[in-house]
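# Report on the structure
Chain residues, written in single-letter form:
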Amino acid sequence: MQGVGIFANSLILTFLLMVTKHRGGENGYENGGGGDDDANDNNIGYEYDQSTLLNIWRIVYATGTLVLVYLLVSRILHLTESEVWSQDRIQRTAELANRMNRENVEEGFSPPKVGPYEKEMATLDTNFGDAEPPIISPTMSSITMRSDFEGLGSTNLDGCRVVPVVMEDMICKAPGEYSVKTKPSEMTLLLQHYGVRLFGTSATWLLWDIAFYGNKLFQSSFLIAMTGEDASLVDITCASAINAFVALLGYFAAAAIIDDPDVGRLTLQQTGFIITGTLFLLCGCLSDRLSSTWLVVMYFASSFFGQCGPNCTTFLIPAEIFPTETRTMCHGISASSGKLGALLASVLFNFIGEKQLFLFSGYASFIACLITFVTIPETATLDLYEIDKQWRMILDGRKFEYEGPANDPKHLSFFERNHNKLCCRR
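A brief look at the structure comes next. Only a predicted model underlies this, so the values are computations on that prediction, with no experimental measurement involved. (Residues numbered from 1 in each chain as written. Predicted model: local features only at pLDDT ≥ 70, side-chain atom pairs only at ≥ 80, totals over all residues. Heavy atoms only, no water.)

### With respect to the overall build of the protein
What counts here: Numbering goes from the N terminus for both helices and strands, where a helix is a DSSP run of H or I of at least four residues and a strand is a run of E of at least two. The cut-offs for exposure are 20% and 50% of the maximum accessible area for each residue type, with area from a 1.4 Å probe on protein chains only; residues under the lower value are buried, those over the upper are exposed, and the others partly exposed. We call two residues in contact when some of their heavy atoms are within 4.5 Å. In these tables, accessible area is a Shrake-Rupley quantity obtained with a 1.4 Å probe, and a residue counts as shielded only by the protein chains included in the view.
Across its full length, the protein holds 15 helices and 6 strands. A buried classification covers 38% of the 426 residues belonging to the protein. Counting only contacts in the protein whose residues sit at least 6 apart along the sequence, the fraction spanning at least 24 positions is 71%. When the accessible surface of the protein is split by element, carbon and sulfur atoms take 61% of a total near 25200 Å².

If you want it as structure tokens, here you go:
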């Protein structure tokens with residue numbers, strides 16, 4: 001949809017310029033022949049009405065706003081939760097119930113007997129005034145006041161000192177074996193088991209947006225090389241529409257091959273980074289020696305392989321390599337990193353020359369390719385239910401009991417494969 005939106009925007013802009021007859025006119029001026037200085041500097045030989053251009057931009061933005069409002073309302077009214085999320089919620093509920101049942105029937109545990117003392121306590125007045133009511137816990141040997149939790153333990157009926165134990169704070173080391181310590185939070189477990197993946201998706205999206213938005217910053221150079229120095233606004237918008245169409249073809253190409261087991265997400269992203277990085281470096285090193293035609297061809301190629309590659313996969317991969325329960329948060333972190341990269345490119349690239357901008361974009365693409373290889377797994381043929389199943393077992397303290405396809409080396413990143421081998425040797 002991004003590619004369609006960009007292409008449609010270029011067509012609408014071109015259409016409005018032609019309808020309002022702002023294609024560049026015969027009543028032009030050259031080098032101070034009329035009009036204000038700004039218009040003369042930017043559009044040599046042509047005169048445009050500023051209020052008309054402003055209205056054109058308003059129409060373009062209003063059109064985009066209407067599409068967004070329609071999309072929002074449609075999602076609210078018609079969008080349902082995905083089958084993967086619904087199934088994961090059912091499984092998590094079932095796992096929680098099973099875990100609670102296991103804890104209640106753990107070996108050595110028997111429900112507390114109701115003796116004379118307990119019967120007497122049950123008949124007492126339950127109005128304790130300012131004092132806190134007692135707590136009856138199946139994991140404690142007596143009735144204890146809340147304040148006793150703040151000390152080392154409580155005293156049972158025989159005068160012995162006991163330490164309160166809560167079954168939820170017991171972590172399974174091995175089947176039937178527990179250690180009494182605080183269970184890690186879900187965020188801690190997420191970072192322990194998926195932190196490298198989160199770093200990979202965030203870093204690659206950030207670096208790609210540096211290269212991608214850097215590409216957009218020097219787009220005018222290629223459009224001028226394509227249309228000529230004396231091009232009108234219509235000529236430039238037509239050239240931009242052609243470039244958007246080439247990029248749209250890249251989107252369709254990515255959609256056609258991304259689910260192919262011989263290609264997949266990982267290969268597509270790495271290949272896109274390598275090709276676009278090479279094109280950026282060639283433009284930076286050979287820009288003075290290349291003809292305008294070659295510059296235009298290389299720019300179109302970077303637009304195609306940028307879309308048939310990282311501009312597609314950096315969005316898709318974070319939606320697949322994390323558990324459903326945490327997927328939205330991880331995708332949001334990755335996307336915000338990408339916006340940070342766009343901001344860095346928009347600000348910092350204004351202080352360097354065009355050649356350095358090409359080179360910097362190329363270096364960013366190659367670094368992103370390396371990070372992709374090290375940190376991101378391939379999920380093209382993996383059932384996403386398996387990631388959720390593995391995550392539930394991690395939460396349950398039974399990580400090493402999972403032996404499904406999510407642990408298959410072909411579905412692990414380079415770092416995860418070698419890290420697992422190192423752990424096994426130890």
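### Observations regarding the side chain of Ser-337
Assignment of secondary structure puts Ser-337 in helix α12 (residues 324-348). For Ser-337, a relative accessible area of 15% corresponds to the buried category. Not counting chain neighbours up to four residues away, the residues in contact with Ser-337 comprise Ser-202 and Leu-206.

### Some words on the pattern of salt bridges
In plain terms, the rule: Throughout this description, the term salt bridge denotes a Lys or Arg side-chain nitrogen within 4 Å of a carboxyl oxygen of Asp or Glu.
Under the criterion given, the structure shown has 6 salt bridges. Put simply, Asp-396 and Arg-398 hold a salt bridge, and the shortest N to O gap is 2.6 Å. Overall, the relative accessible area of 8% leaves Asp-396 in the buried class. Of the residues examined, Arg-398 reaches a relative accessible area of 16% and is grouped as buried. Salt bridges linked by common partners bring Asp-259, Arg-265 and Glu-320 together as one network.

### Focus: a nonpolar patch on the surface
Quick note on the threshold: Patches in this entry comprise residues that are over 30% relatively accessible and not in a salt bridge; like charges within 9 Å are linked, as are nonpolar side chains (Val, Leu, Ile, Met, Phe, Trp, Tyr) within 5 Å.
The grouping of Leu-340, Leu-343, Leu-344, Val-347, Leu-348, Phe-351, Ile-352 and Phe-360 at the surface amounts to a nonpolar patch, some 750 Å² of accessible area in total. Looking at where Val-347 falls in the secondary structure, it is placed in helix α12. In this structure Val-347 comes out as partly exposed when scored by relative accessible area, which is 40%.

### Some words on helix α10 (residues 292-307)
In plain terms, the rule: Here a helix's expected span is defined as the number of its residues, less one, multiplied by 1.5 Å.
Between the first and last C-alpha of α10 there are 23 Å, a value that for 16 residues agrees with the 22 Å anticipated at 1.5 Å per step. Among all positions in α10, only Leu-295, Val-296, Met-298, Tyr-299, Phe-300, Ser-302, Ser-303, Gly-306 and Gln-307 are buried. In this structure, the buried side of α10 is in contact with α6 (186-217), α7 (219-227), α8 (233-257), α9 (264-286) and α11 (310-316).

### Some remarks on the packing of aromatic side chains
In this description, a pair of aromatic rings is defined by centroid distance and the angle of the planes. Rules: What counts as a ring pair is set by centres within 6.5 Å for rings of Phe, Tyr and Trp (its six-membered ring), and what kind of pair is set by the plane angle: stacked under 30 degrees, edge-to-face over 60, tilted for all other angles.
Applying the stated criterion to the full structure yields 10 aromatic pairs. Both rings, one in Trp-57 and one in Tyr-61, keep their centres 6.1 Å apart while their planes meet at 40°; by these two values the pair is tilted. With a gap of 4 residues between them, Trp-57 and Tyr-61 both fall in helix α3 (residues 50-78), about one helical turn apart. A relative accessible area of 43% places Trp-57 in the partly exposed class. Here Trp-205 and Phe-315 contribute two aromatic rings whose centre-to-centre distance is 6.2 Å and whose plane-to-plane angle is 80°, an arrangement assigned as edge-to-face. You can see Trp-205 sitting in helix α6 and its partner Phe-315 sitting in helix α11, a full 110 residues away along the chain. For Trp-205, a relative accessible area of 7% translates into the label buried. Following the ring pairs from residue to residue traces out a cluster consisting of Trp-208, Phe-212, Tyr-213 and Phe-273.

Read these as geometric descriptors, not functional statements.
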